[in-house]
Amino acid sequence: MRTSTLIARSASSSFRYAIRSKRPFPSLSPSVLAFTAFAPLRSLGLGLRGPNPSFSKPFSSQCSSAAEAAEDPADSSDDTVEELLTGGEDRNHQLMKMERRSEPEGGSHRGRWFPYRDLFKSGNAALGSREVIAALDPYILDARKERIRRAVENRSYSVCLVVEGLTDFGNVSAAFRSADALGIQSVHVISKDSRKRYRDNRHVSMGAEKWLDIELWNSPTDCFTALKNRGYRIVATHLGTHAVSIYEMDWSLPVAIVVGNEHMGITEEALQLSDMHCSIPMKGMVDSFNVSVAAGILMHHAVCDRISRLGCHGDLTSGESQILQAEFYLRHRGTTIGIVHEYAKRMEGLLGKQ
């Protein structure tokens with residue numbers, strides 16, 4: 001590597017480190033400063049364009065923008081896993097916005113489970129999904145709306161993912177990303193340790209958690225009881241003698257796929273409470289997959305099997321699709337909740353004048 005490239009990268013790293021850590025810029029030698037004044041500064045990432053480079057922004061403005069981005073609560077949140085996924089009674093839930101349905105009582109839920117009611121509460125006002133969409137539609141780009149529409153069209157709650165244990169957050173985040181890509185909307189996390197920071201691995205999930213319904217549980221018993229009441233059969237991945245190959249299963253029925261962490265696997269409690277065990281046939285010397293890889297294979301095969309049997313994976317009704325579309329609109333940006341609140345106030349004012 002040429003000396004000029006090494007110097008440029010060193011200077012670039014120094015600037016970036018200072019911006020992200022909010023520390024003073026390190027002192028650079030006169031030779032380095034002289035070099036950066038004449039070398040092609042594109043490698044420093046300072047926004048230069050064209051053969052005769054000129055700044056697209058003053059460097060001081062870029063420093064300010066980078067510092068502001070570093071201070072963005074959405075990127076530097078210290079919320080624990082439990083706080084992030086469940087929220088609190090005195091604030092909106094971090095992830096799920098539309099009103100949630102109550103858990104089935106007195107036995108299993110009949111029919112296919114869908115978690116939302118057609119209701120969004122805004123102060124004393126109650127808006128339906130159609131009104132939420134009408135309020136936010138002018139503020140969302142057409143390309144984004146089309147992407148949301150296509151995602152909703154291919155979403156399903158008939159298959160959900162359960163991850164037991166949060167030992168490796170990178171693997172969990174990768175599993176979330178696969179679930180979103182495959183149209184699996186519901187993800188459940190069983191964890192007894194809420195001290196670890198989920199957002200540490202948002203670069204792995206690529207923000208997939210923003211679009212998923214993620215529920216946090218303290219034990220397999222709590223999680224599996226709720227899922228069975230919703231009509232799911234619990235299928236745990238296990239290499240036991242009674243395990244069924246994933247290729248011999250019917251994935252068209254509501255199913256919850258359970259994977260464990262890569263160090264200890266699925267706990268004995270979860271194995272005992274599950275309805276059946278399944279395995280991914282392997283032909284190599286190693287007898288296990290990485291947990292995120294296993295989760296991806298299982299979900300991908302489930303979706304493919306459903307398409308071959310049913311003709312499609314997405315199975316929401318038109319009403320359910322509209323509710324989930326409103327939910328996605330509400331998650332689009334942090335400002336969307338405020339827009340809907342203002343819309344509700346205007347509607348209340350108009351009704352009051354009549």
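Reading guide: rules and limits
- Residues numbered from 1 in each chain as written.
- Predicted model: local features only at pLDDT ≥ 70, side-chain atom pairs only at ≥ 80, totals over all residues.
- Heavy atoms only, no water.
- Salt bridge = Lys/Arg side-chain N within 4 Å of Asp/Glu carboxyl O.
- Helix = DSSP H or I, 4+ residues; strand = E, 2+ residues; numbered from the N terminus.
- Buried < 20%, exposed > 50% of the residue type's maximum accessible area, 1.4 Å probe, protein only.
- Phe/Tyr/Trp six-rings, centres within 6.5 Å; stacked < 30°, edge-to-face > 60°.
- Lys NZ or Arg CZ within 6 Å of the ring centre and 35° of its normal.
- Contact = heavy atoms within 4.5 Å.
- Pairing = 2+ DSSP bridges.
- 1 Å grid on protein atoms, 1.4 Å probe; cavity = no way out; pocket = protein on both sides within 12 Å on 5 of 7 lines; lining within 4 Å.
- Points joined across faces, edges and corners; volume = space filled by probe spheres on them.
- Nonpolar A, V, L, I, M, F, W, Y, C, P; charged D, E, K, R; others polar.
- Expected span 1.5 Å × (residues − 1).
- Arc of directions from axis to C-beta.

Going by the annotation in an unreviewed UniProt entry, the name recorded for the protein is SpoU rRNA Methylase family, with Musa troglodytarum given as the source organism.

Student: Which parts of the structure should I look at to understand the pattern of salt bridges?
Tutor: If charged atoms from side chains of opposite charge come close, those side chains can pair. Inspection of every chain in the model, using the stated rule, returns 19 salt bridges. Close ionic contact of R100 with D213 constitutes a salt bridge, the shortest N to O distance being 3.7 Å. Here R100 is found in the loop between α5 (81-86) and β3 (120-122), whereas its partner D213 is found in strand β7 (residues 213-217), with 113 residues between them in sequence. Residue classification places R100 among the partly exposed positions, given a relative accessible area of 24%. When the shortest N-O distance is used, the salt bridge between R149 and E153 registers 3.1 Å. On the criterion of helical spacing, the pair formed by R149 and E153 is a turn pair, its members being four residues apart in helix α7 (residues 142-153). Given a relative accessible area of 48%, E153 falls into the partly exposed group. The network of salt bridges with common partners includes R100, E103, D213, E215, R230, E327 and R331.

Student: What should I look at first to understand the packing of aromatic side chains in this one?
Tutor: Given two aromatic rings, their pairing is described by the distance between the two centres and the angle made by the two planes. Summed over the entire model, instances satisfying the criterion amount to three aromatic pairs. With 5.5 Å between their ring centres and 85° between their planes, F114 and Y157 make a pair best called edge-to-face. With a gap of 43 residues between them, F114 in the loop between α5 and β3 and Y157 in strand β5 (residues 156-164) connect regions that are remote in the sequence. For the pair shown, F114 and Y157 are each scored as buried. Every member of this aromatic cluster is reached through a ring pair, and the members are F114, Y116 and Y157. Above the ring of Y116, the side-chain terminus of R100 is found at 5.3 Å from the ring centroid.

Student: It is not clear to me how the environment of P281 should be interpreted in this structure. Could you clarify?
Tutor: On the secondary structure map, P281 appears in the loop between β11 (276-279) and α12 (291-310). Between the C-alpha atom of P281 and that of I246, which follows or precedes it by 35 residues, the distance is 8.0 Å. Once you skip the residues sitting within four places of it in the chain, P281 turns out to touch S245, I246 and Y247.

Student: Can you walk me through the sheet that holds strand β10 (residues 255-260) in this structure?
Tutor: The strands that make up a sheet are held in pairs by hydrogen bonds between backbone atoms, and each pair lies either parallel or antiparallel. Spatial ordering of the open sheet is given by β7-β6-β5-β10-β8-β11-β9, a layout of seven strands whose pairing is parallel. Only two strands of the sheet have a single neighbouring strand rather than two, namely β7 and β9 (244-245). Judged from the six bridges that link them, β5 and strand β6 (residues 184-190) form a sheet pairing that is parallel. Bridge pairing in β6 links V163 to V189.

Student: In this structure, what is going on with empty space enclosed by the protein? I would like to understand it.
Tutor: By rolling a water-sized probe across the atoms, one finds the places where empty space is left. Within the structure shown, the criterion is met by two cavities of 30 Å³ or more. What the second largest cavity holds in volume is close to 30 Å³. Residue composition of the lining of the second largest cavity, by class: three nonpolar, one polar and four charged.

Student: Hey, could you run me through α7 in this one?
Tutor: Residues spaced three or four apart along an α-helix point in a common direction, a consequence of the helix completing one turn every 3.6 residues. A rise of 1.5 Å per residue sets the reference length of α7, with its twelve residues, at 16 Å; its end C-alpha atoms lie 16 Å apart and thus fit the reference within 8%. Inspection of α7 places K145, I148 and V152 among the buried residues, and these make up the whole buried set. For α7, the angular spread of buried residues about the axis comes to 60°, placing them on one side. In α7, those exposed residues whose orientation departs by more than 90 degrees from the buried face are A143 and R147.

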